[in-house]
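Listed below, chain by chain, are the residues.
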Amino acid sequence: MSKIKKLRKAIFPVGGLGTRFLPATKALPKEMLPVNSKPLIQHIFEEARASGIEEFIFITGRNKNAINNHFDHSYELQDILGEKNKQLELDLTSNWLPDAGSIAFVRQYEPLGLGHAIWCARNFIGDEPFAVLLADELLLSAEPMLKKMKDIYDKNGGNYVGIMEVDKDQTSNYGIIDTANKNEDLVKITSMIEKPSKETAPSNLAIIGRYILQPEIFALLEKASPGVGGEIQITDSMNKLLETDNFHGVKFTGKRFDCGRPMGFLEANIAYAAENDAGELKEMLKKYI
Ligand code: UTP
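A few points on the structure. (Residues numbered from 1 in each chain as written. Predicted model: local features only at pLDDT ≥ 70, side-chain atom pairs only at ≥ 80, totals over all residues. Heavy atoms only, no water.)

**What about the packing of helix H3 (residues 75-83) against helix H4 (residues 87-94)?**
Two numbers describe how H3 lies on H4: the axes approach to 8 Å, and their chain directions differ by 160°. With respect to H4, the axis of H3 lies roughly antiparallel. As H3 runs across H4, the sense of the crossing is left-handed. Residues Leu77, Gln78, Leu81 and Gly82 of H3 form the contact with H4, whose participating residues are Glu89, Leu90, Thr93 and Ser94. For the contact of H3 with H4, the residue count by class is 3 nonpolar, 4 polar and 1 charged. (Axes fitted to C-alpha atoms, helices over the stretch in contact; angles between N-to-C directions. Helix = DSSP H or I, 4+ residues; strand = E, 2+ residues; numbered from the N terminus. Parallel < 35°, antiparallel > 145°, perpendicular 65-115°, else oblique. Left-handed = near helix turned anticlockwise from the far one by under 90°. Contact = heavy atoms within 4.5 Å. Nonpolar A, V, L, I, M, F, W, Y, C, P; charged D, E, K, R; others polar.)

Have a look at this one:
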């Protein structure tokens, strides 16, 4: 087997319009919406770092400057907090920031789809494997999902997507994979398709927003035509890549929250609140339900 290249870089595509969350996303990036007082994008950045990622590439678009600012010092605020000896608040603003030079922002001029957003990072990735994490998919588990995937990658190389079972009538919201060994934790993928109807879906195993990909995907994305929804879909190019390269799905067994939808976002906040103070949450909900 050829030498397995070290996985060091991650792409965070944050260039989408977030239309399911309008009007909140008119001026505010969806990825800055807070779960447990922390923006979604910081949650997945921390997942990537806890998984051993060293370089972080954000694919941004119009109205996304709040993300750049969040990943920077805020000197005025820090000075005021320092003068007031508010150490805890000071730490929350900046002690989690990545080292200078380990973070890059690439502009996706037009939101042409997730595949296009990933392709925009090609010159910054070069000839290395890379991870992709979607900020609106918040994954709650004892071990970070990307770490679980990276541990498998480090031993075997190849390409991976996070997968989980969804209701049959939900397949049209996801990329869906086909495999001969549906019940295993690590499945060899034989094909994948974006947003199939429940009648045509090859399984109910959906791709969730975590990927480890080899750089060969960029040549396929370069030639990709728009797919479902008129967007350049990463699933279409991954489906081509698996013809020539190993592709596996890694099952996620924790809790997943689709924070790109208002109800999924609300559920994520409830789940974190339940972990922080279940008693107070119960009392509060009783007032309404
Ligand atoms: P989504 O399809 O969930 O995000 O893409 P969206 O397009 O912003 O949201 P809706 O469907 O209009 O509500 C998943 C991730 O991929 C990014 C998004 O920002 C999101 O984090 N993305 C999507 C891009 O970076 N560029 C794109 O062209 C499309």
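**Here we look at helix H1 (residues 40-50)**
Every α-helical turn comprises 3.6 residues, leaving residues that sit three or four positions apart pointing alike. With respect to burial, H1 is a largely interior element, 8 of its 11 residues being buried. Here H1 has its buried residues at Leu40, Ile41, Gln42, His43, Ile44, Phe45, Glu47 and Ala48. Trailing H1 by a residue or two, Gly52 shows a phi angle of about 100°, which is positive. (Buried < 20%, exposed > 50% of the residue type's maximum accessible area, 1.4 Å probe, protein only.)

**Focus on the packing of aromatic side chains**
Enumeration over the complete set of coordinates arrives at 11 aromatic pairs. Note on Phe12 and Phe56: the rings are 6.3 Å apart at their centroids and 20° apart in plane angle, and the pair reads as stacked. Within this pair, whereas Phe12 is found in strand S1 (residues 9-13), its partner Phe56 is found in strand S4 (residues 55-60), the two being separated by 44 residues in sequence. In this structure Phe12 comes out as buried when scored by relative accessible area, which is 0%. A relative accessible area of 3% places Phe56 in the buried class. Through pairs of rings, three or more aromatic residues link up here, namely Phe12, Phe45, Phe56, Phe58, Phe71, Trp96 and Phe105. (Phe/Tyr/Trp six-rings, centres within 6.5 Å; stacked < 30°, edge-to-face > 60°.)

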